[in-house]
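# Tertiary structure, described
Letter by letter, the chains look like this.
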Amino acid sequence: MTRAPQILVFTTSTISDPGVASAGLMRLKYPPQTAIIRVPCSSMIRPEWIVLAIESGFDGVFVAADGTDCPYLRDCTERTARGVEAAQKILASRGVEPERVRMAAVCSVCGEAFVRIINDFFNALSRLGPVRL
Amino acid sequence: MQKILERAEAAGEQLSYDAVVIGGGIAGMEASLSLADMGYRVLLVEREPTIGGKMFLLSKVFPTLDCASCIATPKMAAAARHPNITLWTYSEVRRVRALDRGAFEVDILRKPRFVNESLCTGCGLCEDACPVVVPKELDFGLRGRKAVYIPLDTAVPRKAVVDIDNCILCGQCERRCPAGAIDFTQKPRVYRVRARAVVIATGCRPFPAELKEAYGYGRTPNVITALQMERLLAPTRPYNAVLRPSDGREPGNIGYVLCAGSRDVTAGNPRCSQVCCMYSIKQAQLLLGALPLADVTIYYMDVRAYGKGFEEFYQRARSMGVKFVRGRVARIEGLPNGDVRVMYEDVEEGRLKSAVHDLVVLAVGLLPDNEVLKAFEGVTIHTDELGFVKVDPEDPVRTNVEGVFAAGCITGPKDIPDTILEAAAAAMRCAAFLKEVEARQT
Amino acid sequence: MTGGGVRIGVYVCHCGGNISDTVDVKRVVEEVGKEPGVVTAVDFPFMCSEAGQKLVEDDVRSGRVNAVVVAACSPRLHEATFRAAISRAGGNPYMYYHVDIREECSWAHEGDREGATEKAIRHVRMAVAYLRRAEPLSKIKAASERSVLVIGGGLAGLRAALDLAEAGVRVYLVERSPFLGGNAARLGALKVFPYGRPAIDIVRSLIGKLVGRREVTIFTNAEVEAVSGYIGNFDVRIKVWPRYFKGKCAGDLARVCPKRARDEFYFGVAERTAILLPPFEGAYPDIPAIDINLCDRCGLCAKACPSVDLSQEPQTVSVRVGAIIAATGFRPYAPRNGECGRGLPGVITLHELVGALNKFGGIRVDGRAPESAVFIYCVGSRQRRAGGEGANEYCSRYCCIAALDAALHLRELLPGVRIYHVARDIRSYGVNELLYEAAGRLGDVFVKYSEEAPPRVERQGDKLVVRVRDVLTESVELEIPADLVVLVTGMEPSDGTAAIAERLKLQRGPDGFLQEVHPKLKPVETALGGIFIAGTAQAPRGVAETLASASAAAARAASLVLRGYVELEPFVAYVDASKCNACEACISECPYGAIEIVRAGSREVASVNEALCKGCGACIPACPNSAIQLRGLTSAQIEDMIRSALGHGRSA
């Protein structure tokens, strides 16, 4: 039996975490093979953490970014993207598919968008199969 | 109890507060907390043995479907332990006299619980020991309670109380209590309290459904009120299932009759009760969750989904498959097998029709719980023809009597978000009044 | 290794079945009880109840536990509740991690007991890993300004400003337009049901009480240009546009101005000049202003009145406040051309009807009083977005009642008029039902249409015709001839509301209105500490509800600033000086200028100003040595959470 992909999700306390919670409020379904870490703002995520997640057994990492709703930074998206790209480069250099790391802005009421993205990501990771490090 | 209360003795202490808040439901708690946060000292008086009012009896609340307990219980806990709030439960305001501007004298009767609150741990062993079973008010009679009981698991204070009218004085609870908290020697006492302002937050009572005779409530077992359904759906519910009363069967086909005792001159209430459409839509959604195969039909005249997020919530119910039939229900009658026939005028098809349901829920309206207004002496709090307290258009929490404010359903039926806003507003206006009184005195 | 003496208690909530119907809470307790550092793990029906909180308090008070995990609902609801419980018991409130196993678990994975239970276990394990490296923290205490900025001088702003002033708080009230009063003043003589008092009376009375109070400073024709700082200490820059008037003028000054534009005060049904006169008796301020965008500086007015001063320049005022209330209001929905006959002569919006009644004391179509009027409800409201470009899904709450109010007013003016109400539902909630009942009694006809078959408005000869399938009469198509068609339109967030959301970084809901944190727990609070919302900037509502929400926002702001100090969460950045080599990489990353280089003994290191740091963490990835860290969420904690999630790397 193939194991379902495990996804680490980074959320932000005031924007995307309420967004993910709103999916639950609306009883929208997504795979439970998800683990969530809340950070204040997605710009704080160090690329090493994403790499560590893959090394620790996660099949993919999703960064639910603040986007333009970020209460701290106007250029939050650019900053977060820098970290995600850096992580993708490190992973690629070790032969891990960079598409195992995704980011998208999830607003505080965007439960439907989150579920669409995470389901799609889950399916993509299922097709990729397990990480070969 | 009546006899015991007649022998109430006056307490010697002279107590004084900035404000006395009457009623410990969501409005009274919110008003007390807001005043206390602004630095004022509040006495919160609740008639029942627990605060929480109607809200903590509810299941989940629209339009976010939060569980009502999760919103109400932390506020109950916060009100109970705020350093600026003194909480008196099981206490009644007997008399309010306006002595001067910003000076009220309030007589409050503290009824005996016959349980020492500081010793009781709320363990519930007394309930196990008590041999007397009576219908439980907080479950609207759906299940029983003992003569000594803890009102609900979520009660604040979570302490036992002896219902002395039903107690047979067998003493079993007294022997069973590990803390020695049962105390039959407690006496009622009347406290005379000075306050600079008063907030009335005594809320509402449901329309007595039996007054609408054509709907058969009280005669037809499977016609229940929405408050009873609320208890059947609540996490602290009686049976842990939705069952119909006559035979304990799970209903597969449930009808909701809106405007039961509202918008109805013959029932004495021409007004709309403002919350029934939404709570019915909410219950319908919860029922579809609890009984996935059930059909739910709502008989309505207008769906009043007017607040923030309400229309979206209504549309969600439609898309979940709740049936909405535009029609006024004329009669409801019980059938021999326990089912219930609803006769209604389907306005969209323009004819009289009938339908049979396993269970019918009456969306009863709200009337004011304004008993306390009689306690005012020397001044009259103005009310409208239904008994709701009248307020100032410029300041919708101010009554006609200076220093007396009102918030929540006592000024008109309203939902929880509006009640909370109004209660905070009453606290604000009360604080402004207190400030002005202070300035004048110095 | 379990870390230096961390004794963790795990408390798993059933939420009365909301969680335990899906998550096997017993298994969660059993599994996480095996984690190193965990000394107790229990489940309970309602952790947020007093009894539930007591479980935590007792364990902390006895010393058995010094770090706590509660797995329950969203942290937005109860994180603060349990931190407070730990404090009460003498523990450190930051030795705490709140795990959401309801919104982010049981509710999202209903029907998958195994999956949801595994996820709950995973999340609690991560929380335990976090706490193994947690350290006690304390709040940052800062003095708070005893003043509040109220943005918006409409009904909500006036009420909130007056409340605060009366409670002894210094208030700065900023209004965008040249006069106070907002939309409520524009309702004019229309009475507010059920009070029988015109809206403008209420506005006038509030203005009268507010003006001249020593606690209050009013800026009209002014905008909030920039806000910086944090709860208790906001620096606000206000731009005050010139009125070009030094005082009042005698005579009819408006006549000398040759320019013309639609008069907004009457919802565009009348014309005005470039000289804006106080629009009603008791308006504030009582001196005119010039609409400089319309004015071509011809100078005619200056010749007519010595008070005109076209040389005035905009001014910038800076103030410090402890809290902010955004009461920036709504604008009426503007129907598209062709929407329900919009554009045809004789078709107007409800707001335009109100404007006409106030301006002209009546309404005329083609110079004649209308003999029949049709009110079409829900124009632009309660529409599915697909195909309804620009229309709104929400109900605007006040419009049914306002339409009934206006119809009764119309009937008073024109006793013989035939009035039809073409509606989906009449939402005259509460006491407003009496208004609906009165309209019916006076002969108004009610027709109900369904969403699928909206009414159509056409012009036939010199008459308008409304075609509608009436669901009350077996859906026969009615043809209602009308002289006047009134489109009952709802509320949308005002331009000022959109602008202030952008400027203050406030969240807006899917409907575009300002978003509260929670409709019952934090109904006037925003995600940003110290910033509150009130009135129709938050949601469509009527006069009484607007006033209540304004006083509620004032109550929250007052309790914040009257204390004189605020306590801030300790989650700010700090620098481990031993690892810092003063490369300054973090300094350029910080959007708040909170990091600077300081001397520490013999060398230079970066240092964080805690009052300026907002704790976003943007500086964290910049540091090549991991010297800069976020208090309460260090790299080491995040790395341990990642390692522990899937059950490996437990002894990191």
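Take the overall build of chain C next. A count of helical and extended segments in chain C gives 16 helices and 34 strands. On the principal axes, the C-alpha backbone points of chain C span a range of 90 × 70 × 40 Å. Going through the 652 residues of chain C one by one, you find that 61% of them count as buried. In chain C, 69% of the contacts between residues at least 6 apart in sequence involve partners at least 24 apart. On chain C, roughly 24,100 Å² of surface is accessible, and the fraction owed to carbon and sulfur atoms is 49%. Between the mean site of the 79 positive side-chain charges and the mean site of the 76 negative ones, chain C shows a separation of 3 Å.

Taken in spatial order, the four strands make up an open sheet running 2-1-3-4 (chain A), and their pairing is parallel. Looking at which strands have only one partner, the edges of the open sheet turn out to be strand 2 (34-39) and strand 4 (101-105) of chain A. Strand-to-strand, the axes of this sheet are offset by a mean angle of 20°, without reference to chain direction. Judged from the four bridges that link them, strand 1 (residues 7-12) of chain A and strand 3 (residues 60-65) of chain A form a sheet pairing that is parallel. Residue pairing across strands places Ile7 of chain A opposite Gly60 of chain A, the latter belonging to strand 3 of chain A. Contacts from helix 4 (residues 111-128) of chain A reach strand 1, strand 2, strand 3 and strand 4 of chain A within the one sheet, and its direction differs from that of strand 3 of chain A by about 165°. Strands strand 1 and strand 2 of chain A of the sheet are contacted by helix 16 (residues 635-645) of chain C, whose axis makes an angle of about 175° with strand 2 of chain A.

Here we come to the environment of Gly12 of chain B. Tracing the backbone through its elements, the reader meets Gly12 of chain B in the loop between strand 1 (9-10) and strand 2 (15-22). Counting along the chain gives 179 residues from Gly12 of chain B to Tyr191 of chain B, while the straight-line C-alpha distance between them is 7.6 Å.

Time to look at the domain arrangement of chain C. Residue and element names in this part refer to chain C. The domain architecture assigned to chain C consists of domain 1 (3-137), domain 2 (142-241 + 315-329 + 494-565), domain 3 (242-313), domain 4 (333-492) and domain 5 (569-631). Averaged C-alpha coordinates put domain 2 and domain 4 at centres separated by 32 Å. Each partner contributes to the interface: domain 2 provides 17 residues, whereas domain 4 provides 19 residues. Between domain 2 and domain 4, a total of about 1,400 Å² is buried, with carbon and sulfur atoms accounting for 65% of that surface. Across the contact surface, domain 2 and domain 4 share one salt bridge. Counting across the domain 2 and domain 4 interface gives six residue pairs in polar contact (both at pLDDT 80 or more). Split into classes, the residues belonging to the side of domain 2 that touches domain 4 amount to eight nonpolar, four polar and five charged.

The next thing to look at is the pairing of strand 30 (residues 565-568) of chain C. Residue and element names in this part refer to chain C. In strand 30, alternate side chains face the same way, and those of Val566 and Leu568 are buried while those of Tyr565 and Glu567 on the opposite face are not. Here strand 5 (residues 140-143) runs beside strand 30; their pairing, made up of four bridges, is antiparallel. By the bridge assignment for strand 30, Ala143 is matched with Tyr565.

As a further point, take the packing of helix 5 (residues 113-132) of chain C against helix 16 of chain C. All names here are of chain C. Between helix 5 and helix 16, whose axes approach to 8 Å, the crossing angle comes to 145°. The interaxial crossing formed by helix 5 with helix 16 has right-handed handedness. For the pair formed by helix 5 and helix 16, the contact residues are Arg122, Arg125, Met126, Ala129 and Tyr130 on the first element and Gln637, Asp640, Met641, Ser644 and Ala645 on the second. Here the contact of helix 5 with helix 16 is built from residues that sort into five nonpolar, two polar and three charged.

Definitions and limits used
- Residues numbered from 1 in each chain as written.
- Chains lettered and ligands numbered in written order.
- Predicted model: local features only at pLDDT ≥ 70, side-chain atom pairs only at ≥ 80, totals over all residues.
- Heavy atoms only, no water.
- Helix = DSSP H or I, 4+ residues; strand = E, 2+ residues; numbered from the N terminus.
- Buried < 20%, exposed > 50% of the residue type's maximum accessible area, 1.4 Å probe, protein only.
- Contact = heavy atoms within 4.5 Å.
- Areas by Shrake-Rupley, 256 points an atom, 1.4 Å probe, with all protein chains shown as cover.
- Lys, Arg positive; Asp, Glu negative; His and termini not counted.
- Charge placed at Lys NZ, Arg CZ, Asp CG, Glu CD.
- Pairing = 2+ DSSP bridges.
- Axes fitted to C-alpha atoms, helices over the stretch in contact; angles between N-to-C directions.
- Domains from an automatic or database assignment.
- Buried area = accessible area lost by both parts, 1.4 Å probe.
- Salt bridge = Lys/Arg side-chain N within 4 Å of Asp/Glu carboxyl O.
- Polar contact = N/O pair within 3.5 Å; in protein donor to acceptor, adjacent residues only side chain to side chain.
- Nonpolar A, V, L, I, M, F, W, Y, C, P; charged D, E, K, R; others polar.
- Left-handed = near helix turned anticlockwise from the far one by under 90°.

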